[in-house]
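Remarks on the overall topology
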Amino acid sequence: MFSDAAWLSDRQDRQQQRYQQWCDAVQRQRSVVIEIGAGTAVPTVRHESAYFGAKLLRINPERPAPKRAEVIHLSATALAALEALEQRL
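**As for the confidence of the model for the protein**
Scored by pLDDT, the protein has a mean of 83; 93% of the residues are at 70 or more. The element-level mean pLDDT for the protein is lowest in helix α2 (residues 44-51), coming to 78, with helix α3 (residues 78-88) highest at 94.

**Focus on the sheet that holds strand β1 (residues 32-36)**
Read from one edge to the other, the open sheet built from 3 strands follows the order β1-β2-β3, with strand pairing classed as parallel. Looking at strand neighbours, the two that pair on one side only are β1 and β3 (71-74), the edges of this open sheet. For this sheet, the mean angle separating the axes of adjacent strands, direction not counted, is 20°. Strand direction decides the pairing type here: strand β2 (residues 55-59) and β3, joined by 4 bridges, are parallel. Within the sheet, the bridge partner assigned to leucine 56 lies in β3 and is valine 71. Packed onto the sheet, α3 meets β1, β2 and β3 and runs at close to 130° relative to β2.

Conventions adopted
Residues numbered from 1 in each chain as written. Predicted model: local features only at pLDDT ≥ 70, side-chain atom pairs only at ≥ 80, totals over all residues. Heavy atoms only, no water. pLDDT = per-residue confidence, 0-100. Helix = DSSP H or I, 4+ residues; strand = E, 2+ residues; numbered from the N terminus. Pairing = 2+ DSSP bridges. Axes fitted to C-alpha atoms, helices over the stretch in contact; angles between N-to-C directions. Contact = heavy atoms within 4.5 Å.

This is the structure we're talking about:
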């Protein structure tokens, strides 16, 4: 990993395979991805959620996401947002 000639990728390969199987299964279902506390500089989670058509729920008190229909932004701390979601469910 990262130009490490001694990197043994067996574990990473198994994780990637399980993750791909999960993504394939999720593509056939309605799903929501919850992103907690991430900024906007690295869009990995947003890209992954878009890959399988999931809604994205971003929880961040300081950095709202770009406005897009598939992104729901909660301007709150992680604990406050998760507690409020639990009460609503």
